[in-house]
Amino acid sequence: MISLRGVSLVYPNGVRALDNVNLEIAKGDFVFLVGHSGTGKSSLLRLLYREAKATAGQITVDGIRVDRVRRSRVPALRRHLGVVFQDFKLLNDKTVWENVAFAMQVTGAHTRDVMRQVPRVLDLVGLSHKSRMYPNELSGGEQQRTAIARALVNNPKILLCDEPTGNLDPTNTSEITALLQRINLKGTTVVVATHNQAVVDRMRRRVVRLDDGRITTDEERGYYYLGLRESQVLSG
Amino acid sequence: MDSGKVKFFLGEVLRNFTRNTGMQMTAIGTVAITIVLLGMFLFVRAALAGAGAQLLDQIEISAYLRADATPKQVTAIAHYLEADRRIASVQFVPKRQGLAELRERTKGTIDTGLLTENPLPDKFRIKARVPDDVPAVAAGVRRLSGVDNVVYGQKIVQRLLQLGAVLRRIGIGVIGVFFAVAGIIIANTIRLTVFARRREIAIMQLVGATNTYIRLPFICEGLVDGVIGGLLAVGLLSIARVTLWPRLLEALPWAQLRAFPLDPRLLGGELVLVGATIGIVASWISVGRHLRT
Ligand SMILES: Nc1ncnc2c1ncn2[C@@H]1O[C@H](COP(=O)(O)OP(=O)(O)O)[C@@H](O)[C@H]1O
Ligand SMILES: [Mg+2]
């Protein structure tokens, strides 16, 4: 579903954010990208939705060669992906419903499809009863659920999350984590960049660790910290 | 037709348009001023061309013949003149007729009865089809043998032609400047809207809206600015035509203005179209610069 081969990213200012990254993510995977701040987690995600362009290497996302995609084809690529951020990126002058519908309307969806699809995703994220509220009337967790609904409304096969719980308290964090897990169970490939230890350690999913732009470990059922034992998590 | 889609789109355009009313008014006002100037320029140009054409129409070339010109030479000159396609009419005026005309014109001022013999030579009276050809036609005739002298309102013709050219250049310069100003102000208005909507634009790009789709509301905004400005200008010009035109006729009888020199409806349509074009071009450029990523 996602494949990176020998991928490097050097920003115009000379910072080498990623260095020879190789990564394969299968359909239906759930992957955590972990690592210190500034190790290139966001940069890696940005390459996938073509917000940044790889300096070297091959990137394939859902069959599209992202490293070579023409600028006019970028919108088509992004319709294969849902993206969620730490700061939600909601429009404050639109209701929950309008924020979610927006993603369909601006990509030319038929109103009939909007009317069918928006209630479905609002139900999935548990916000049907708040569809008429504005973002500033919602808790952080509800705002993030709105953002997730928006990311999913066009039925992407892949959901990319960059620090989705970075602004949330522990209660809201576990809410969002549970939601991401449910989405993954329905077949969506989920990639989450995070430095939240609790989230990673509770889920026990695949953990890819970045350090200074390189992948240092890739564990199938990993913990946030390398080599941490289950007993230590439970007692700590 | 998906009415929900249309409603959503029009809502977005309306929100853009009402977001920055002051700037919107400035843009519309500048377009209106520019187009009023353009309309006035077109009017003055047409009026001058009309008046100039009438003046130039009355200009005739007199080709005076030498006293010793042979009948053969006169015939040759007549053939030459008839063959020249730039010439509208040719008339031979023998000196007797010339004297009679002179008497008629100067009746009461000069006593031509004192003349003991006719001092006038025979002449050809020539009219060119187009005023601009007058100097060239005159020069051609002057070279023919048997022709003594060629006279026409050289000074007037040259002055009128020059005046026309100068006015045209000044007008085009002034209007060019106003076009640029109107374009820049619209572009700036759109830039402010783009800035106010940068979050929306970022989200649109994120969820895969095409650049064309993102552009469209802004282009519509520019179009609305241009069309409203154009309509406003045409309204002002129409009022001016109804109120000022009759007075102009009274005040400048010598200008020989008769009919209004332009078709008001056609001109109005064209001017609104010009406004729309300014709006579209300015907003297209402005948004394009902000969408480049
Ligand atoms: N747009 C940018 N231009 C230049 N350097 C950047 C840009 N974005 C990130 N960087 C640099 O690239 C490195 C990786 O950043 P990032 O991918 O944001 O890391 P993370 O998400 O893991 O915190 C950092 O050194 C950061 O300063
Ligand atoms: Mg980051």
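Just so it is clear, the model here is predicted, and its values are computed rather than measured.

Analysis parameters
- Residues numbered from 1 in each chain as written.
- Chains lettered and ligands numbered in written order.
- Predicted model: local features only at pLDDT ≥ 70, side-chain atom pairs only at ≥ 80, totals over all residues.
- Heavy atoms only, no water.
- Buried < 20%, exposed > 50% of the residue type's maximum accessible area, 1.4 Å probe, protein only.
- Helix = DSSP H or I, 4+ residues; strand = E, 2+ residues; numbered from the N terminus.
- Core = buried A, V, L, I, M, F, W, Y, C linked by side-chain atoms within 4.5 Å.
- Salt bridge = Lys/Arg side-chain N within 4 Å of Asp/Glu carboxyl O.
- Pairing = 2+ DSSP bridges.
- Axes fitted to C-alpha atoms, helices over the stretch in contact; angles between N-to-C directions.
- Contact = heavy atoms within 4.5 Å.
- Near = heavy atom within 4 Å.
- Polar contact = N/O pair within 3.5 Å; in protein donor to acceptor, adjacent residues only side chain to side chain.
- Areas by Shrake-Rupley, 256 points an atom, 1.4 Å probe, with all protein chains shown as cover.
- Nonpolar A, V, L, I, M, F, W, Y, C, P; charged D, E, K, R; others polar.
- Domains from an automatic or database assignment.
- Buried area = accessible area lost by both parts, 1.4 Å probe.
- Patch = residues over 30% accessible without salt bridge, like charges linked within 9 Å, V, L, I, M, F, W, Y side chains within 5 Å.

1. A word on helix α1 (residues 41-48) of chain A
Residue and element names in this part refer to chain A. α1 sits mainly inside the fold: six of its eight residues count as buried. Looking only at α1, the buried set comprises Lys-41, Ser-43, Leu-44, Leu-45, Leu-47 and Leu-48. Just beyond α1, the residue with positive phi is Arg-50, at close to 60°.

2. Quick notes on the nonpolar core
Membership of the largest hydrophobic core comes to 76 residues, with the highest contact counts inside it found for A:Phe32, A:Val106, A:Val118, A:Ile148, A:Leu159, A:Leu180 and A:Ile183. The biggest single contributor to this core is helix α2 (residues 21-57) of chain B, with eight residues. Core analysis: the second largest hydrophobic core is formed by 35 residues, A:Leu33, A:Leu44, A:Val74 and A:Val83 among them.

3. Focus: the pattern of salt bridges
For the structure on display, the rule yields 22 salt bridges over all chains. A salt bridge links A:Arg5 to A:Glu24, with the shortest nitrogen-to-oxygen separation between them at 3.4 Å. Taken as a pair, A:Arg5 in strand β1 (residues 2-10) and A:Glu24 in strand β2 (residues 16-25) lie far apart in primary sequence, 19 residues in all. Residues joined in a network through salt bridges with shared partners are A:Asp93, A:Lys94, B:Glu12, B:Arg15, B:Arg197 and B:Glu200.

4. Quick word on the sheet that holds strand β3 (residues 30-34) of chain A
Residue and element names in this part refer to chain A. Read from one edge to the other, the open sheet built from six strands follows the order β6-β7-β8-β3-β9-β10, with strand pairing classed as mixed. One side of each edge strand has no neighbouring strand; the edge strands of this open sheet are β6 (81-85) and β10 (214-219). Across the sheet, the mean angle separating the axes of adjacent strands is 15° when strand polarity is ignored. Pairing analysis gives five bridges linking strand β7 (residues 158-162) to strand β8 (residues 189-193), with the strands arranged parallel. Across the sheet, Asp-162 pairs through a bridge with Ala-193, a residue of β8. Strands β6 and β7 of the sheet are contacted by helix α5 (residues 140-152), whose axis makes an angle of about 165° with β6.

5. Here's the deal with the site of ligand 1
Residues and elements named next belong to chain A. Around ligand 1 lies a shell of 13 residues, among which Gly-38, Gly-40, Lys-41, Ser-42 and Ser-43 are the nearest. Interatomic distance of 3.5 Å between a side-chain N/O atom of Asn-13 and a nitrogen atom of ligand 1. Thr-39 has a polar backbone atom sitting 3.2 Å from an oxygen atom of ligand 1. Here ligand 1 loses 65% of its free accessible area of 550 Å² to cover by the protein chains. For the shell around ligand 1, the leading source of residues is α1, giving four residues. Split by residue class, the shell around ligand 1 holds three nonpolar, eight polar and two charged.

6. Re the domain arrangement of chain A
Residue and element names in this part refer to chain A. As far as domains go, chain A holds domain 1 (1-80 + 159-236) and domain 2 (84-155). Computed over C-alpha atoms only, the centres of domain 1 and domain 2 are separated by 23 Å. Here domain 1 packs against domain 2, burying approximately 1500 Å² in sum over the two surfaces, 64% of which is carbon and sulfur. Sorting the residues of domain 1 by area buried against domain 2 places Arg-79, Asn-167 and Leu-179 first, and these three jointly supply 28% of that buried surface. Between the two partners, domain 1 and domain 2, sit one salt bridge. The partner of Arg-145 in a salt bridge is Glu-175, with the nearest N and O atoms 2.7 Å apart. Those elements that provide at least two residues to the side of domain 1 that touches domain 2 are β7 and α6 (170-185).

7. What about a nonpolar patch on the surface?
Residues and elements named next belong to chain B. Judged by side-chain polarity, Val-44, Leu-48, Leu-163 and Leu-167 come together as a nonpolar surface patch covering roughly 300 Å² of accessible area. Of all the secondary-structure elements, those providing two or more residues to the nonpolar patch are α2 and α6 (154-196). Take Leu-163: it is sitting in helix α6.

8. Quick notes on the pairing of β2(A)
Residues and elements named next belong to chain A. Where β1 and β2 come together, six bridges link them in antiparallel fashion. By the bridge assignment, Val-10 is partnered in β2 with Arg-16. Following β1, the chain reverses through five residues before pairing antiparallel with β2; Gly-14 in that reversal takes a positive phi of roughly 95°.

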